[in-house]
Every structure is written in C-alpha cells, then in structure tokens.
Amino acid sequence: MGDLPEEFPCTITNWEYIYGLCRTVSDDVKADDFEPDVVVALARGGWFAGRTLCDFLGLDDLTSLKIEHYVGTAAKGDEPEVRYPMPEGSVEGKDVLIVDDIADTGQSIAHASEYVNDRNPNAVRTATLQLLQTSEVEPDFVGERLEEWAWVVYPWNFIEDMIDLTESVMEKAEAEQFSEGDVRSLLRAYHEIDPIEMEIAQPDRLEEVLTEMERRDVIEYAGEDCWTVP
Ligand code: ADP
C-alpha cells in the first residue's frame, strides 16, 4: 500500500465480482480472435486472474513474472528489477497474454511487456481486470474502467489490506481503545468504506480482521469488546 496519503477512498470487492471481471476479459480476448499460447501473470496481484483466464480460455500454460520498479527512489535507480524471472523458453515464438489485477501508473504492465518482448515472442497482448485513469498505459483488454481513483481491496489480500487500513486509522484517531463500531466509523471517515457495502461484499469479516490483528500482535484486547494499539 506504500506511499498513500492519510485519507483515500477504498473499494472492497469479493470473489464473485472479480470472477465476473475475469469473464469480461476472457470474452474480450475471444472476441478479438486472440488465441494466446501462454498467460504471464504478474506476481502477485495477477495470479488469480491469470489462473482463471487459463481456465476460461482453455490454456494449461501459465507462468509468473514479478517486476519491481521504484518510482522516484533515485538511490535504487530507474531500472526495474526482475524478481521471478520466467523459465527459459516460456514465451519464445508464442502468443503471450500478460495479466495483472489493476493498472495504476501502468509501469508494471509496461515493464513486463518490455521484458517479454525482449524474449522473441510471436505476439504480446496485455490485460488488467481494472484500469485507473492515472495509468499511462492502455492495456489491450480491460475488465472495468474506474472513473475515480480508489484503492481496491481484492479478496486475495483482504486480511492484509484490512489490517493495514485498520492499524493506520487507529493510529490516526487519538483514542485509547476501539470497539468494532469505532473501527467501522473510522474506516468510513478516512477511506469512504460504507459499513453496509462492506458487509455486502465481505460479510462478518471485520471480527476476523481484529482477531487476526490480535494474533499478529498489532493490537491488544482491552476487554469489553475493545482493543488498543500497544
Ligand atoms: P502500476 O504499475 O499499474 O502502477 P503498481 O506498480 O503501482 O501498478 O502496483 C503494483 C501492484 O500494486 C498492482 O498490480 C496491484 O496489485 C497493486 N496496486 C496498485 N495500485 C492499486 C490500487 N489502486 N488498488 C489496489 N491495488 C493496487
């Protein structure tokens, strides 16, 4: 979640919704008569979409690529770093579909395309489940365009994101202890997370988040259904 401001909107999604976006992308790929031989899923956000697209498109060749880029961190240079290189021969001479969850700056898709194109593929297309207007790159296939910038909480990292968000709102609020209701109010105040929308997308999950935060020693139980930040 990195360098985000104190307040920013978040959208909580669920498996059904994301699965639907995978179907939209796969329908677009088919309509375009593009028949990829291999899917390259960008780690780790693109993994679910990559696996599901293989299913929808009838492919058994799925590989992963992790590219880290550092925006504005001069010390680390501008060169993207390849963290999980692809095995030899993964894309050579093949029609390749590169998949990620969301394009924000578009750097991940841009660097991945460059990396794949350097390995003599036959053709390369890109897809993202969601596209933010901030992206400088237009993927070939897009499940959904988001009009307003938001941090999207995906079901595969629901716990991770909700722990980060909850911890940060607790730190910002100058209270001694927090009930589940307090956390819901803070998530709405700082991140525009509507409590009803959250229950519809991910029913009964906040208690699980708080229990997991306790297990990871991020918060401590203070009694009477309240928690404190140690
Ligand atoms: P991009 O290269 O498209 O800007 P980043 O490199 O900034 O993407 O982000 C890499 C990964 O971080 C994305 O694949 C996604 O998993 C996550 N991410 C970035 N922006 C968002 C967002 N607005 N909501 C949810 N996840 C995001």
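Residues numbered from 1 in each chain as written. Predicted model: local features only at pLDDT ≥ 70, side-chain atom pairs only at ≥ 80, totals over all residues. Heavy atoms only, no water.

### Some remarks on the domain arrangement of the protein
Test applied: Where a domain begins and ends is set by an automatic assignment or by a domain database. Any two residues whose heavy atoms approach within 4.5 Å at even a single point are treated as in contact. What counts as buried area is the accessible surface, traced by a 1.4 Å probe, that two parts surrender upon association, with contributions from both included. Salt bridges are identified by distance alone: a Lys or Arg side-chain nitrogen within 4 Å of an Asp or Glu carboxyl oxygen. In protein, a polar contact requires one atom able to donate a hydrogen and another able to accept it; more generally it is a pair of N or O atoms within 3.5 Å, and residues adjacent in sequence count only if both atoms are side-chain atoms. Secondary structure elements are taken from DSSP: a helix is a run of H or I of four residues or more, a strand is a run of E of two residues or more, and numbering for both begins at the N terminus.
Entries for the protein in the domain assignment read domain 1 (15-150) and domain 2 (154-214). The C-alpha-based centres of domain 1 and domain 2 are spaced at 30 Å. Taken together, the contact pairs 9 residues of domain 1 with 4 residues of domain 2. When the two sides are added together, the surface that domain 1 and domain 2 hide from each other amounts to roughly 590 Å², 66% of it contributed by carbon and sulfur. Per-residue buried area on domain 1 facing domain 2 is highest for Trp15, Ile18 and Asp101; these three make up 58% of the total on that side. For the interface between domain 1 and domain 2, the tally reads 0 salt bridges. Summed over the shared surface of domain 1 and domain 2, the number is 1 residue pair in polar contact (both at pLDDT 80 or more). When contributions to the side of domain 1 that touches domain 2 are tallied by element, the ones reaching two or more residues are α1 (15-31), β5 (95-103) and β6 (123-132).

### Quick notes on a negative patch on the surface
The condition that has to hold: Residues qualify for a patch when their relative accessible area is over 30% and they have no salt bridge, like charges being joined within 9 Å and the nonpolar side chains of Val, Leu, Ile, Met, Phe, Trp and Tyr within 5 Å. The method behind every accessible area is Shrake-Rupley, applied with a 1.4 Å probe, and residues are considered shielded solely by the protein chains displayed. The sign given to each residue is positive for Lys and Arg and negative for Asp and Glu; His and the chain ends receive no count. Charge coordinates come from a single atom per side chain, which is NZ of Lys, CZ of Arg, CG of Asp or CD of Glu.
Taken together, Asp27, Asp28, Asp32, Asp33, Glu35, Asp37 and Asp140 make up a surface patch of like negative charges. Relative to the assigned elements, Asp27 resides in helix α1.

### Things to note about the layout of surface pockets
Test applied: Within this scheme a cavity is a closed region of a 1 Å grid, computed over the protein atoms alone, that accommodates a 1.4 Å probe without allowing it to escape, whereas a pocket is open but has protein on both sides within 12 Å along at least five of seven lines; lining residues each have an atom within 4 Å of a point. Grid points are joined across faces, edges and corners, and a volume is the space filled by probe spheres set on the points.
Put simply, the largest pocket is a space of about 1500 Å³. In this structure, the largest pocket is lined by 40 residues; those nearest its centre are Met1, Gly2, His69, Ser108 and Trp151. In terms of domain composition, the lining of the largest pocket takes at least three residues from each of domain 1 (15-150) and domain 2 (154-214). Taken as a whole, the second largest pocket holds about 240 Å³ of empty space. Taken together, 16 residues make up the lining of the second largest pocket; nearest its centre are Cys10, Thr11, Ile12, Glu192 and Glu197. When residues of the lining of the second largest pocket are traced back to their parent elements, those giving at least two are β1 (10-12) and α6 (195-201). Top element by residues in the lining of the second largest pocket is α6. It accounts for 4 residues. Residue assignment places the lining of the second largest pocket across two domains, with domain 1 (15-150) and domain 2 (154-214) each supplying three or more.

### Observations regarding the sheet that holds β5
Defined as follows: Two strands qualify as a pair provided that DSSP identifies no fewer than 2 bridges between them. For helices, the fitted line uses only the C-alpha atoms of the stretch in contact; every axis is such a line through C-alpha atoms, and the angle between N-to-C directions lies from 0 to 180 degrees.
Taken in spatial order, the 6 strands line up as β4-β3-β2-β5-β6-β7 in an open sheet, and their pairing is mixed. A strand with exactly one partner marks an edge of an open sheet, and here the two such strands are β4 (81-84) and β7 (141-146). Shown here is a sheet whose adjacent strand axes are inclined to one another by a mean of 25°, direction ignored. The pairing of strand β3 (residues 62-68) with β4 spans 3 bridges and is antiparallel. When the sheet's bridge partners are listed, Glu68 is paired in β4 with Glu81.

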